[in-house]
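Report on the structure
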Amino acid sequence: MEISGTTQVIAILGHPVSHSLSPLMHNSAFRKMGLDYCYIALDVHPSGLRAAIEGIREMGFAGLNITVPHKEAVMPMLDKVDPEAAFIGAVNTIVNRNGKLIGYNTDGRGFIRSLKEESVEVRDKNVLLVGAGGAARAVSWYLAEEGSDLSIYNRTSEKADLLAGDLAINFKNVRRAESLDALVEADIVINSTSLGLNPQDPLPFDPSGLKPGAVVIDLIYQDTPLIQQARQSGHKTIGGLGMLLWQGVLASELWTGLTPPHEHMKDIIFKSLG
Ligand code: ATR
């Protein structure tokens, strides 16, 4: 559909943001659905975030995605934050409902949807989550909610304690792992650390110590050395592309009230990454 005077605008705010696959994925879905929406990327410096949010309110954008480094900072600028996003402490999706900006987080739910698509069931499974930063917070709530037996290991143990403690308020099945020795027991291991983003990074853990049937998941969407090694040693592996896709599908549902064509969105992402 051509951009016209009635086109509804959605934007992703980040810094940097030009590498984002979201504009391609969402514009393609909007076109496929015949919706009069467009999606743009706006590079906003942290010092200008408040002004940008006010501008978006004034200009009546239909919604936003929020990415690094604004996911936490944007929260106090909104009219309302959904309880799940409040627990996670980060917002990745905003809906403009009649001038009120409502914050959501679709990362964790998107992660669970990506596991379901791969037929990976977490209920009653021994899940080891490595890392306790923002990404870990986003997925841990849903892992606990889905009934996994969840252990959290982090280099800085205080952060794993804090996250496990926050989850323990609502869930019984969560604890901190003292060390990576917990790997040998795990049915599913998830890397939520940033290790793997740079080629010179060490592995976040050694997949050779895992049980033969264990599943290895990386929230990073590139084909990381961890995923490559785990694959070579015969484990089922899941990278972060599914989470990227499904957080986008769920965000699109929040903006438009309609179900976007997820297979089409997946094709677009895969093609753009070659
Ligand atoms: P994100 O939003 O991507 O989760 P973050 O909140 O900064 O980013 O969290 C980064 C995670 O990667 C943390 O768990 C961090 O561990 P610490 O809490 O100990 O810093 C982990 N991490 C980053 N670099 C690491 C390294 N070299 N070794 C082990 N863990 C690392």
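Everything that follows concerns the structure shown earlier in this document.
Described below are features of the structure shown in this document. (Residues numbered from 1 in each chain as written. Predicted model: local features only at pLDDT ≥ 70, side-chain atom pairs only at ≥ 80, totals over all residues. Heavy atoms only, no water.)

Re the layout of surface pockets
- If you add up the space inside the largest pocket, you get close to 1,500 Å³.
- If you trace the largest pocket, you find 48 residues lining it, with Val-68, Lys-71, Ala-135, Leu-197 and Leu-219 closest to the centre.
- Listed by contribution, the elements that provide at least two residues to the lining of the largest pocket are β3 (63–66), α5 (134–145) and α8 (241–256).
- Counted by class, the lining of the largest pocket contains 23 nonpolar, 20 polar and 5 charged residues.
- Lining the second largest pocket are 18 residues, and of these Glu-118, Gly-239, Leu-241, Gly-242 and Phe-270 sit closest to its centre.
- Breaking the lining of the second largest pocket down by element, the ones donating at least two residues are α4 (107–117), α7 (225–232), β12 (236–238), α8 and α9 (262–272).
- Residues that form the lining of the second largest pocket fall into these classes: 7 nonpolar, 6 polar and 5 charged.
- Here the lining of the second largest pocket spans two domains, since at least three of its residues come from each of domain 1 (8–105 + 243–272) and domain 2 (108–239). (1 Å grid on protein atoms, 1.4 Å probe; cavity = no way out; pocket = protein on both sides within 12 Å on 5 of 7 lines; lining within 4 Å. Points joined across faces, edges and corners; volume = space filled by probe spheres on them. Helix = DSSP H or I, 4+ residues; strand = E, 2+ residues; numbered from the N terminus. Nonpolar A, V, L, I, M, F, W, Y, C, P; charged D, E, K, R; others polar. Domains from an automatic or database assignment.)

So, the site of the ligand
- Around the ligand sit Gly-131, Ala-132, Gly-133, Gly-134, Ala-135, Asn-154, Arg-155, Thr-156, Lys-159, Thr-193, Ser-194 and Leu-195, and that is every residue in its neighbourhood.
- Here an oxygen atom of the ligand and a side-chain polar atom of Lys-159 are 2.8 Å apart.
- Ser-194 is positioned with one of its backbone polar atoms (N or O) 3.4 Å from an oxygen atom of the ligand.
- Computed on the free molecule, the ligand has an accessible area of 640 Å², of which 63% lies beneath the protein chains in the complex.
- One can see that the ligand is located within the largest pocket.
- Looking at the shell around the ligand residue by residue, the classes come out as 3 nonpolar, 7 polar and 2 charged. (Near = heavy atom within 4 Å. Polar contact = N/O pair within 3.5 Å; in protein donor to acceptor, adjacent residues only side chain to side chain. Areas by Shrake-Rupley, 256 points an atom, 1.4 Å probe, with all protein chains shown as cover. Sits in = over half its atoms within 2 Å of the grid points.)

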